Amino acid sequence: MKDTKANFTFCLYWNKLSSESRDGYIGILWSRSELVLFLTRVLGQDNAEAANNVSKWTGTVYLFSLLGAFLSDSYWGRYKTCAIFQAIFVIGLASLSLSASIFLLKPKGCGDEQSPCGSHSAFQLAFFNLSIYLIALGNGGYQPNIATFGADQFDEEDPIEGYSKIAFFSYFYLALNLGSLFSNTILGYFENEGMWAIGFWASTGSAILALVLFLYGTPRYRHFKPKGNPLSRFSQVLVAATRKLKVEMMPSGEDLFELEGKKCSKNGDRKILHTQGFKFLDRAAVITQKEFNQMDKDTHNPWHLCTVTQVEEVKCILRLLPIWLCTILYSVVFTQMESLFVEQGAAMKTTISSFHIPPASMSSFDILSVAAFIFIYRRVLDPLVALRMNNAKGLTELQRMGIGLVIAILAMVAAGVVECFRLHYATTECTHCEGSSSLSIFWQVPQYVLIGASEVFMYVGQLEFFNGQAPDGLKSFGSALCMTSISLGNYVSSLLVTIVMRFSARDNMPGWIPGNLNKGHLDLFYFLLAALTTADLMVYIACAKWYKYIKFEGKSGDNNANEHDELRV
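A short tour of the structure in this document, coming up. (Residues numbered from 1 in each chain as written. Predicted model: local features only at pLDDT ≥ 70, side-chain atom pairs only at ≥ 80, totals over all residues. Heavy atoms only, no water.)

1. Details of the overall build of the protein chain
Secondary structure summary: the protein chain contains 18 helices and 4 strands in total. For the protein chain, with 569 residues in total, the buried portion stands at 58%. Only carbon and sulfur atoms are counted for the fraction: they give 65% of the accessible area of the protein chain, which is about 23200 Å². (Helix = DSSP H or I, 4+ residues; strand = E, 2+ residues; numbered from the N terminus. Buried < 20%, exposed > 50% of the residue type's maximum accessible area, 1.4 Å probe, protein only. Areas by Shrake-Rupley, 256 points an atom, 1.4 Å probe, with all protein chains shown as cover.)

Take a look at the structure:
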């Protein structure tokens, strides 16, 4: 299995170059931050419109992740789903490269900081939108499955591989960030000079190479068969429970139906142990006299009688939803790094001597921060906490996600303070206002570093949590929940910007986020996000205390209950 994992990690790196998967990107030279610049410089959109369109597009990427997860868990399996959607992604990149080369970048040499492009026809804009949403479909459908497929390569029943699986998600996230480091620095510099077409074709080539590498490892991968449509299983539990509203139940739950011995539940490879809570759903597994008589024939109707595992599968998803909802606001904060952080940086001093620093390249500090904090957490903090708490597993996923929210609050406060100083040294009357403040862009470094640190705790913790807490037949759906929280975060960010602009723009006031940031109050928007995230943290702590971890029965029949039945505070 060593060769399988090495090939898989190498493939991830090239996928990162072509598809910056950690937050829904278009290509090797086009992260979300670069998309903002492309929309403003090439398509002529203003700052607020570009930021909203980026958030909507990125949100769509993650909505498609639900489609990919559904097809993977129900019909295709993770390997086939990854291959098909990666091929769609390549097609989208190729059409984007063609559109940029043929008609978007006109007149020749436009698209840099000084030379915006001309207007475009409805057909040209339609072709562009078709291309980027093909990319959204391919990248979105691919994302939730690649992480889960990677985790499939580890046997968690094996002590060594089980520990390696925990570390996998950290190094998975690290591989994605290392791949984007090159695109956000050297290649990002060329893009800032208006060489968009070259970047798109390089992205297409990288995506093709990633697909080839992925397919090359086919004979070595571990493959798992899909478990069937989860929607029908969920519906069966609800219908069966409703049919038995008047049926009496034993408080202990010992009379509930479960397949015995080696009879495999179609919900997954392992049975799920019964847990307290959502007792209404337990009715679906209560055996009536009529059903007991049918059991002699070794048959049962799942619309009348469900197994404990099937019921617990529904309970698991219901318990995950409050935690999932609390992660959405964090994604609103994370979204600012690829939109408003870039616009803020563009209005600061971006030169050192005669060298120009592309505002979007500042996200390299986020990537370096992620790499540094993954190392610090895995090699220093986690062992230290494990020793201090006398627990081999260290911090739970829920605790790490809570720490991520705290760091995100600090990041928004830091961004707001920097904006206050930027406004103090800014020139109000300007045309484009790029570089209109004498405050150096390097004052943004703390906010990028804090965002990177929060990612290590929040997003890596999310990947581990949703993958580990999802039933065996819904692993891709668990990863999709993580992706979808980012999707809704982008939509909420877009909605929040729209609401703020509507209520803050009055009389002669252009609003908090106008085209000329020197006449606005971006600092107040950052402080608003800090306040909202603080409130979200309070709700999250309550939900985390309430959450009960899923308890599996091992393949050997032994109980494999999670040691952390509740959040330790």
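2. So, the environment of Asp382
By the secondary structure assignment, Asp382 is in helix H14 (residues 363-388). With relative accessibility at 11%, the residue Asp382 sits in the buried group. Residues Asp382 and Lys393 lie 11 residues apart in sequence; the distance between their C-alpha atoms is 7.9 Å. Not counting residues within four places of it along the chain, the set of residues in contact with Asp382 comprises Tyr377, Lys393, Gly394 and Leu395. (Contact = heavy atoms within 4.5 Å.)

3. Observations regarding unusual backbone geometry
Negative phi is the rule for most residues except glycine; trans is the rule for most peptide bonds. In this model, Lys106 is joined to Pro107 through a cis peptide bond whose omega is -5°. For Pro107, the position within the fold is in the loop between helix H4 (78-104) and helix H5 (122-152). The phi dihedral of Phe278 is positive, around 50°, even though this residue is not glycine.

4. What about the packing of aromatic side chains?
Under the counting rule described, the total for this entry stands at 29 aromatic pairs. Between the aromatic rings of Phe168 and Phe169, the centroid separation amounts to 5.3 Å while the plane-to-plane angle is 65°, which identifies the pairing as edge-to-face. Overall, the relative accessible area of 3% leaves Phe169 in the buried class. Arranged with centres 5.6 Å apart and planes meeting at 35°, the rings of Phe214 and Tyr221 form a pair that is tilted. By the burial criterion, Phe214 is buried, and Tyr221 matches it. (Phe/Tyr/Trp six-rings, centres within 6.5 Å; stacked < 30°, edge-to-face > 60°.)

5. Overview of the packing of helix H3 (residues 47-76) against H4
Orientation of H3 relative to H4, taken along the N-to-C sense of each, is 140°, at an axis distance of 8 Å. Here H4 runs oblique to H3, going by the angle between their axes. Seen along the crossing, H3 lies across H4 with a hand that is right-handed. Between H3 and H4, the contacting residues are Leu67, Gly68, Leu71, Ser72, Asp73 and Trp76 on the first element and Arg78, Lys80, Thr81, Ile84 and Phe85 on the second. In terms of residue class, the contact of H3 with H4 is built from 5 nonpolar, 3 polar and 3 charged. (Axes fitted to C-alpha atoms, helices over the stretch in contact; angles between N-to-C directions. Parallel < 35°, antiparallel > 145°, perpendicular 65-115°, else oblique. Left-handed = near helix turned anticlockwise from the far one by under 90°. Nonpolar A, V, L, I, M, F, W, Y, C, P; charged D, E, K, R; others polar.)

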